Amino acid sequence: MNWYPSPVAPQAGRQVLVTGANAGIGFFTSARLASAGAHVTLSGRDPGRLAAAVAAIRGRVPTASVDTLVVDTSSLASVRAGVDRLLDRAPLDVVVLNAGMVHTPSRREESVDGNELVLATNVLGHFALLEGMLPHLAAGARVVTLGSLSMRLSTFRVDDLQLERSYDAWRAYAQSKIAAASIAFELDRRLRRAATDAAEAVGAASVTPRVHSLVAHPGYSISGRTPRVPGVNEPSRADRFLDALQAAGAQGKHRGADVVVHAATADDVEGGQFWGPARLVKGPPVLGTPTATSRDPRIGERVWMLAEQATGRAFDVGAAMGARP
Ligand SMILES: NC(=O)c1ccc[n+]([C@@H]2O[C@H](COP(=O)([O-])OP(=O)(O)OC[C@H]3O[C@@H](n4cnc5c(N)ncnc54)[C@H](OP(=O)(O)O)[C@@H]3O)[C@@H](O)[C@H]2O)c1
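Residues numbered from 1 in each chain as written. Predicted model: local features only at pLDDT ≥ 70, side-chain atom pairs only at ≥ 80, totals over all residues. Heavy atoms only, no water.

Enquirer: What exactly am I supposed to notice about the overall build of the protein here?
Expert: Helices and strands together make up the secondary structure of the protein, namely 10 helices and 10 strands. Here the protein has a C-alpha radius of gyration of 19 Å; the compact-globule value for 325 residues is 20 Å, and the two agree. Considering only C-alpha atoms, the protein reaches an extent of 60 × 50 × 35 Å along its principal axes. By the burial criterion, 58% of the 325 residues in the protein qualify as buried. Restricting the contact set of the protein to residue pairs at least 6 apart, pairs at least 24 apart contribute 73%. (Helix = DSSP H or I, 4+ residues; strand = E, 2+ residues; numbered from the N terminus. Rg over C-alpha atoms; globule rule 2.2 N^0.38 Å. Buried < 20%, exposed > 50% of the residue type's maximum accessible area, 1.4 Å probe, protein only. Contact = heavy atoms within 4.5 Å.)

Right, dumping it as structure tokens:
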């Protein structure tokens, strides 16, 4: 089976970071960008699983330029250690915030930092990563956050972001995806404001942000419709059978990665957008309409502030962009 459903423009010279890159959509996104010539840093929490992913990519593309970075996104100390290592490397052109707990615990759990575990893993770790990395992103860089159809299927309790009063496994996942998208769009607004301020300071008319933040969702992408990759994707025969029954409304994760790769590379992409598959759950990438909640600036501002509190660091986008030489 073909891992690379649609062509990707040459990516030589571009530096990419993908979180949660050892499996699923993150793996296929990494593989395709590396096969197009990008240097890809595969990030994940387990060195063995990262090594298997790198071996799988090199097995297909021996010349692939890839390395690894061990980061557990549920731990702020792990994220900060990862940021320190990334700051010694070349500036990034693409950051794909993909790592996520998809199968969430039935009872509320907390991260090592005392935050609700799904929020910590899917949102707060990425927020802290960006806070550290924003000054180290290349001009024109893209930050692609993984959204989800679940954003349409759940209400958002911004007054209980840590789900201390209303935890359930489904809400924890959906709420984390809404919060992640809300932060992505808030980042876009703050990047645009920083660009306007910088332009005004020198009397220039141009207000193109230096960095673009957007959201991509992969529809419904399942392992049993995905090519077998040793050490990366090895569904049982039963899973393959069950997933085949869902074929009409699902696609493989290699195809789900199409939208993410498009968001990371295509010319028709800009900050603030929401990309997804043409037929909602599957299909080629098309520009979509995000939920009103995820686009709401008042909610975005609130989620941003709560994320700052939960990570214990102020994230000043204007200062981060102005800090660049
Ligand atoms: N598949 C879909 O239909 C779908 C739909 C909508 C949105 N999404 C989003 O797409 C992203 C990827 O989903 P997927 O289906 O590819 O999931 P997946 O196959 O379960 O892969 C998830 C990846 O995230 C990593 N991860 C989990 N917890 C982590 C942690 N604490 N620190 C670092 N990495 C961690 C996993 O690493 P380990 O192997 O170590 O667990 C794995 O590499 C998620 O953000 C998900 O919300 C997926």
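From this point, the discussion proceeds with the structure in view.
Enquirer: What should I look at first to understand the site of the ligand in this one?
Expert: As a structural note, the neighbourhood of the ligand is formed by 26 residues, with Arg 45, Arg 49, Asn 98, Tyr 173 and Ser 221 the closest of them. Considering the ligand on its own, with 890 Å² of exposed area, one finds that the protein chains cover 88% of that surface. Of all the elements in the fold, those that place two or more residues in the shell around the ligand are α1 (24–35) and α5 (169–201). Along the lines of polarity and charge, the residues of the shell around the ligand split into nine nonpolar, 12 polar and five charged. (Near = heavy atom within 4 Å. Areas by Shrake-Rupley, 256 points an atom, 1.4 Å probe, with all protein chains shown as cover. Nonpolar A, V, L, I, M, F, W, Y, C, P; charged D, E, K, R; others polar.)

Enquirer: I tried to follow the sheet that holds strand β2 (residues 39–44) on my own but got confused; where do I start?
Expert: Sheet strands pair via backbone hydrogen bonds, and the direction of the pair is either parallel or antiparallel. A sheet is described by the order of its strands in space; here eight strands give the open sequence β3-β2-β1-β4-β5-β6-β9-β10, paired in mixed fashion. The open sheet is flanked by β3 (65–70) and β10 (285–288), the only strands paired with a single partner. Direction aside, the axes of adjacent strands within the sheet are offset by 25° on average. Relative to strand β5 (residues 137–146), strand β4 (residues 92–97) runs parallel, the two being bridged by five bridges. Pairing of Val 94 across the sheet is with Arg 142, part of β5. Packing of α5 onto the sheet brings it into contact with β5, β6 (211–216) and β9 (274–277), and relative to β6 it is tilted by some 155°. (Pairing = 2+ DSSP bridges. Axes fitted to C-alpha atoms, helices over the stretch in contact; angles between N-to-C directions.)

Enquirer: Teacher, can you tell me more about the side chain of Arg 171 here?
Expert: Here Arg 171 is to be found in helix α5. In this structure, Arg 171 is buried with no salt-bridge partner, the nearest side chain bearing the opposite charge being Asp 168 at 4.3 Å. The residues contacting Arg 171, other than those within four sequence positions of it, are Ser 154, Thr 155, Arg 157, Leu 163, Ser 166 and Ser 176. (Lys, Arg positive; Asp, Glu negative; His and termini not counted. Salt bridge = Lys/Arg side-chain N within 4 Å of Asp/Glu carboxyl O.)

Enquirer: Quick question: what am I supposed to make of the pattern of salt bridges here?
Expert: Two side chains with opposite charge may pair up if their charged atoms get near one another. Within the structure shown, the criterion is met by 10 salt bridges. In this structure, Asp 67 engages Arg 89 in a salt bridge whose closest nitrogen and oxygen atoms are separated by 3.2 Å. One end of the pair, Asp 67, is in strand β3; the other, Arg 89, is in the loop between α3 (76–86) and β4, with 22 residues separating them in the sequence. The partner of Glu 131 in a salt bridge is Arg 313, with the nearest N and O atoms 3.2 Å apart. Within this pair, whereas Glu 131 is found in helix α4 (residues 117–133), its partner Arg 313 is found in the loop between α9 (297–311) and α10 (317–322), the two being separated by 182 residues in sequence. For Arg 313, a relative accessible area of 38% corresponds to the partly exposed category.

Enquirer: Help me understand a nonpolar patch on the surface in this model?
Expert: Together, Phe 241, Leu 242 and Leu 245 make up a nonpolar patch on the protein surface, roughly 350 Å² of accessible area in all. Relative accessible area serves as the criterion here: at 47%, Leu 242 is assigned to the partly exposed category. (Patch = residues over 30% accessible without salt bridge, like charges linked within 9 Å, V, L, I, M, F, W, Y side chains within 5 Å.)

Enquirer: Looking at this structure, I do not really get the pairing of β3. What am I missing?
Expert: The side chains of a regular strand alternate between both faces of the sheet. Judged from the six bridges that link them, β2 and β3 form a sheet pairing that is parallel. The partner of His 39 across the bridge, within β3, is Ser 65. Between β2 and its parallel partner β3, the chain crosses via helix α2 (residues 47–60), and the hand of that crossover is right-handed. (Right-handed = clockwise from strand over helix to strand, strands pointing away.)

Enquirer: Just checking my understanding: could you explain the pairing of β6 for this structure?
Expert: With respect to burial, β6 is a largely interior element, six of its six residues being buried. Burial along β6 is two-sided: the residues Val 211, Ser 213 and Val 215 and His 212, Leu 214 and Ala 216 are all buried. Examined bridge by bridge, β5 and β6 share six bridges and lie parallel to one another. Paired with Val 143 across the strands is Ser 213, a residue of β6. Between the parallel elements β5 and β6, the chain passes through α5 in a crossover that is right-handed.

Enquirer: When you look at the nonpolar core in this model, what are you seeing that I'm missing?
Expert: Note on soluble globular proteins: their nonpolar side chains tend to be buried together. In terms of nonpolar packing, the biggest core is built from 49 residues, with Leu 134 and Leu 137 touching the most fellow members. Per-element accounting of this core gives the leading share, 10 residues, to α5. Of all hydrophobic cores here, the second largest spans 37 residues; its members include Val 96, Val 259, Val 260 and Ala 266. (Core = buried A, V, L, I, M, F, W, Y, C linked by side-chain atoms within 4.5 Å.)

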